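Remarks on the overall topology
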Amino acid sequence: MDPKPTTIAVEGIAKSFKGTPVLRDINLEIRAGELLALLGPSGSGKTTLLRIIAGLESPDSGRITFSGADTTRVPVQKREVGFVFQHYALFKHMTVADNIAYGLNARRRADRPARNEIAKRARDLLDLIKLEKFADHYPAQLSGGQRQRVALARALAVEPRVLLLDEPFGALDAQVRKDLRRWLRDIHQRTGQTTIFVTHDQEEALELSDRVAVLHAGRLEQVGTPIEVQDDPASVAVLRFLGDALDVAAEVRQHRLLVNDRFVLVDVATRGDGPTRLHVRPWQFDLTSLEDAHVHGTVTSVYRAQGRAHVTIERPGGAVFTIDTAQAAMPRIDERVGLRIVGGHLFD
Amino acid sequence: MAARASLRQPSVIPGFGMTFGYAVLVLGIVVLLPLCALALRASAIGIGGIIDVVRDPRVASALRISFGVSLLAAIVASLFGFVAAWVLTRYNFPGRRLLDAIVDLPFALPTAVAGIALASLYAPNGIVGGWLAAIGIHIAYTPAGIFVALVFIGVPFAVRTVQPLIGEIDREIEEASATLGATRWYTLVHAVLPPLVPAILTGFSLAFARGIGEYGSVIFIAGNLPYVSEIAPLLIVIKLSEFDYVGACAIASIMLAASFACLLLINLIQAWSHRRFGHV
């Protein structure tokens, strides 16, 4: 809709609530027309950052610019953002059509489109969200997924410069969530609008977004494409948040990485000698004989699903972890097995 | 079975027959029986007689004052009550709990106590009354005095009916409205207030009904001048003290009919507003 999508720059944003810092020196550039996910565990400050961009919260320091113009002091009513709340925040006393038309009806007379123009816009948006037949329904008569679609249409009706979604699928069940994800992706492709959405669901972020910004404890840990953050996490926090990992004691000796005195194929060309920790994903293990093993343990449970075997292993120290392998041979429960490490991540 | 099913809904708690019978019996004895007695007594003078009673200018003016001032007082009490409920719910300030408790005071106070307090405050030699008299405004012994007393009595109804609903308003509703570009005023009028309309109407009708029947707090401050500041309940008492039982019953039944008509109307408006705004 918008011929020129807006770029957003977040510069040195900091915010604390009652002395507790929730955001520390956040710098982030959101490109025109991109779909960016703000990913992080609860309490990481991601929602606060989104609300600061929207103007619903004001930062203690730093500034926000939209396409180069400072908007830090622009009130939320004038910021032209579309905001979608986790719990929809629909006007319960209005029909679906009235909800969608709300932002247009609220305009000053001079800027307000004609009545039939507003009605047409509402109809078009109902079409877009595939709820044509629900124009005269009230929000209470809709399912959660339908309500969230109405909330999105309501936000789009005012043709905002950017679209901000706060955990938009958080209150929905798994199947609806998957459908809505695909649908949001479609809408984004059609409108080409700069979009930021907050989520704590890494799968959602990785599937939907062009780039992911990972927040942890108020700090921006990494910004990158879904592939970059997965293949090359910038910190242990990012790695841990994107999935399970087992960390094992390792040692760098003459540019070779050793675990249990056996070589592991991980690039350590630029590292000095000394002990370190290797973080290994569940699929970076292979079952092997005890003599070759980097680590070993006792099998406590085994199951197979969708062509992969999930083997839970208890290490001698009592630590329990599950590996995920494509190998056909399944170990028995209580069998002692060896594992070979085929990859992993090093930090510090 | 179908006929029974329409009367009672399945419930884990037994005893429909007993509770239903009990409810009807108590309502009959406590509410309907006295009203019937009243109607029976008044019917002694027939419809024509009742009309004659209403035609009496003193009675007509008392009824006008009772209903007119109650209506005005209920409107003001609703406005003020809404603001008070908003402040008490939305803001946290020192003394908030105390203020919240004070709201209930008119509920608990014997109405005569309220009447004496108001009279001593607004009488021409009272604290406020003296000051107002100096600039030519007279509260005590005028309809304005009745109005003050009825607002005092009505405010707690208005506050207590809206307060819980204001507490339930989702902040995100206001934020959503703001992100859509609506001004604060537009947000208040179109997003925040409409869901509260049924509760505001309930508070209004309670304050109104209470105002029509109010006696104790009014007679001290009203001065009770016939044609000026005499309320209908007082006129009933006067008729009774003159042993004019039929006349008293005639005024009483007119008040009953008028009150019933008012409450019915308000209930209809409420039912409409529930349909219109009550989709929660």
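Every value quoted in this text rests on a predicted model; they were computed, and no experiment measured them. (Residues numbered from 1 in each chain as written. Chains lettered and ligands numbered in written order. Predicted model: local features only at pLDDT ≥ 70, side-chain atom pairs only at ≥ 80, totals over all residues. Heavy atoms only, no water.)

A tally of helices and strands in chain B yields 15 helices and zero strands. Dimensions of chain B along its principal axes, counting C-alpha atoms only, are 70 × 65 × 30 Å. Each of the 280 residues in chain B was classed as buried or not, and the buried ones make up 40%. Summarising the internal contacts of chain B: among those between residues at least 6 apart in sequence, 75% fall at separations of at least 24. As displayed, chain B offers around 15500 Å² of accessible surface, 73% of which is attributable to carbon and sulfur atoms. (Helix = DSSP H or I, 4+ residues; strand = E, 2+ residues; numbered from the N terminus. Buried < 20%, exposed > 50% of the residue type's maximum accessible area, 1.4 Å probe, protein only. Contact = heavy atoms within 4.5 Å. Areas by Shrake-Rupley, 256 points an atom, 1.4 Å probe, with all protein chains shown as cover.)

The next subject is the interface of chain A and chain B. Each partner contributes residues to the interface: chain A has 23 residues there, and chain B has 21 residues. Both sides together, the interface formed by chain A and chain B hides about 2100 Å², and carbon and sulfur atoms give 62% of it. Looking at the side of chain A facing chain B, the largest losses of area belong to Q77, H93 and Y102 of chain A, adding up to 32% of the total buried there. Summed over the shared surface of chain A and chain B, the number is one salt bridge. Residues R51 of chain A and E175 of chain B are paired through a salt bridge, measuring 2.6 Å at the closest nitrogen-oxygen approach. (Buried area = accessible area lost by both parts, 1.4 Å probe. Salt bridge = Lys/Arg side-chain N within 4 Å of Asp/Glu carboxyl O.)

A separate point is the side chain of T72 of chain A. Residues and elements named next belong to chain A. Inspection of the secondary structure assignment puts T72 in the loop between β5 (69-70) and β6 (81-84). In this structure the side chain of T72 is engaged in a polar contact, spanning 3.0 Å, whose partner is the backbone nitrogen of I64. The residues contacting T72, other than those within four sequence positions of it, are P59, G62, R63, I64 and R79. (Polar contact = N/O pair within 3.5 Å; in protein donor to acceptor, adjacent residues only side chain to side chain.)

On to the packing of aromatic side chains. Under the counting rule described, the total for this entry stands at eight aromatic pairs over all chains. Consider the rings of F16 of chain B and F20 of chain B, whose centres lie 5.5 Å apart with planes at 20°: the pair is stacked. Within this pair, F16 of chain B and its partner F20 of chain B are both found in helix α2 (residues 16-42), separated by four residues, close to a single helical turn. When its relative accessible area of 30% is taken as the criterion, F16 of chain B is described as partly exposed. Ring geometry for F107 of chain B and F157 of chain B: centres 4.9 Å apart, planes at 90°, overall edge-to-face. Of this pair, F107 of chain B sits in helix α6 (residues 105-108) while F157 of chain B sits in helix α9 (residues 143-168); the two residues are 50 residues apart in sequence, bridging distant segments of the chain. F157 of chain B gets classed as buried once you look at its relative accessible area, which sits at 15%. An aromatic cluster is defined as three or more aromatic residues linked by ring pairs; in this entry it consists of F91 and Y102 of chain A together with Y186 of chain B. (Phe/Tyr/Trp six-rings, centres within 6.5 Å; stacked < 30°, edge-to-face > 60°.)

The next thing to look at is the sheet that holds strand β17 (residues 308-314) of chain A. Residues and elements named next belong to chain A. Strand order in this open sheet of five strands is β15-β19-β16-β17-β18, and the pairing throughout is antiparallel. Because the sheet does not close on itself, it has two edges, and the strands there are β15 (285-288) and β18 (320-325). Between one strand and the next, the sheet's axes are offset by a mean angle of 45°, whatever the strand orientation. Two elements, β17 and β18, share six bridges in a ladder whose sense is antiparallel. Within β18, the position partnered with T312 by the bridge is T322. (Pairing = 2+ DSSP bridges. Axes fitted to C-alpha atoms, helices over the stretch in contact; angles between N-to-C directions.)

On to the nonpolar core, then. All names here are of chain A. Counting 42 residues, the largest nonpolar core has I100, I129, V150 and L152 as the members making the most contacts within it. Among the elements that take part in this core, helix α4 (residues 144-157) stands out by supplying seven residues, more than any other. Discounting chain neighbours no more than four positions away, the residues touching V150 are L90, V96, N99, I100, I129, L131 and L142. (Core = buried A, V, L, I, M, F, W, Y, C linked by side-chain atoms within 4.5 Å.)

Looking now at unusual backbone geometry. Residue and element names in this part refer to chain A. A positive phi angle, near 60°, is found at E80, a position not held by glycine. Checked against the element boundaries, E80 lands in the loop between β5 and β6. Residue class for E80 comes out partly exposed when judged on its relative accessible area of 44%. Of note in this structure, Q306 is not a glycine but carries a positive phi near 50°. Residue classification places Q306 among the exposed residues on the basis of a relative accessible area of 81%.

Take the sheet that holds strand β4 (residues 61-66) of chain A next. Residues and elements named next belong to chain A. Here we have four strands laid out as an open sheet, ordered β2-β1-β4-β5, and antiparallel in their pairing. Each edge of the sheet is formed by a strand with only one pairing partner; in this case those strands are β2 (20-30) and β5. One ladder, built from five bridges, connects strand β1 (residues 8-17) with β4; its direction is antiparallel. In the sheet register, A14 faces β4, and the bridge partner there is S61. Relative to β1, helix α1 (residues 46-54) is tilted by about 120°, and along the sheet it contacts β1, β2 and β4.

Let us now look at the confidence of the model for chain B. Residue and element names in this part refer to chain B. Here chain B averages 86 in pLDDT, while 95% of its residues score no lower than 70. Long-range and interchain partners of residues 1-5, a stretch whose pLDDT sits below 50, account for zero contacts in this model, where long-range means more than four residues apart. The ipTM value of the predicted complex is 0.84, and its pTM value is 0.81. (pLDDT = per-residue confidence, 0-100.)

Turning to the pattern of salt bridges, a few remarks are in order. All names here are of chain A. Tallied over the entire structure, the rule returns 27 salt bridges over all chains. Note that E207 is salt-bridged to R181, the shortest N-O span being 2.7 Å. With E207 in helix α6 (residues 202-208) and R181 in helix α5 (residues 174-191), this residue pair connects regions lying 26 residues apart in the sequence. E251 is the partner of R253 in a salt bridge, and the nearest nitrogen-oxygen pair spans 3.0 Å. On the basis of relative accessible area, R253 is assigned to the partly exposed category, the value being 36%. In this structure E251 comes out as partly exposed when scored by relative accessible area, which is 29%. Salt bridges here are not isolated pairs; linked through shared partners, they connect R177, R181, D201, E204 and E207.

Quick look at the environment of G170 of chain A now. All names here are of chain A. Note on placement: G170 falls in the loop between β7 (162-166) and α5. Residue class for G170 comes out partly exposed when judged on its relative accessible area of 26%. Spatially, the C-alpha atom of G170 lies 9.7 Å from that of V198, the residues being 28 residues apart in sequence.

Let us look at α4 of chain A. With 14 residues, α4 of chain A should reach 20 Å at 1.5 Å per residue; the first-to-last C-alpha distance of 20 Å fits that figure. Residues of α4 of chain A that are buried: G145, Q146, Q148, R149, V150, A151, L152, A153, R154, A155, L156 and A157 of chain A. In this structure, the buried residues of α4 of chain A make contact with β6, α2 (96-105), α3 (115-128), β7 and α5 of chain A together with α10 (171-179) of chain B. One or two residues past the end of α4 of chain A sits E159 of chain A, with phi positive at roughly 50°. (Expected span 1.5 Å × (residues − 1).)

It is worth spelling out α9 of chain B at this point. Along its 26 residues, α9 of chain B runs 38 Å from first to last C-alpha, staying within 8% of the 38 Å computed at 1.5 Å per residue. When the local axis directions of α9 of chain B are compared, the greatest deviation, roughly 35°, occurs at G154 of chain B, which is followed within four positions by the proline P156 of chain B. (Bend = angle between axes of the 7 residues up to and from the residue.)

Glancing now at the side chain of T195 of chain A. Following the sequence through the fold, T195 of chain A ends up in strand β8 (residues 194-199). In contact with T195 of chain A, other than residues within four places in its own chain, are E34, L35, L36, L163, L165 and H188 of chain A.

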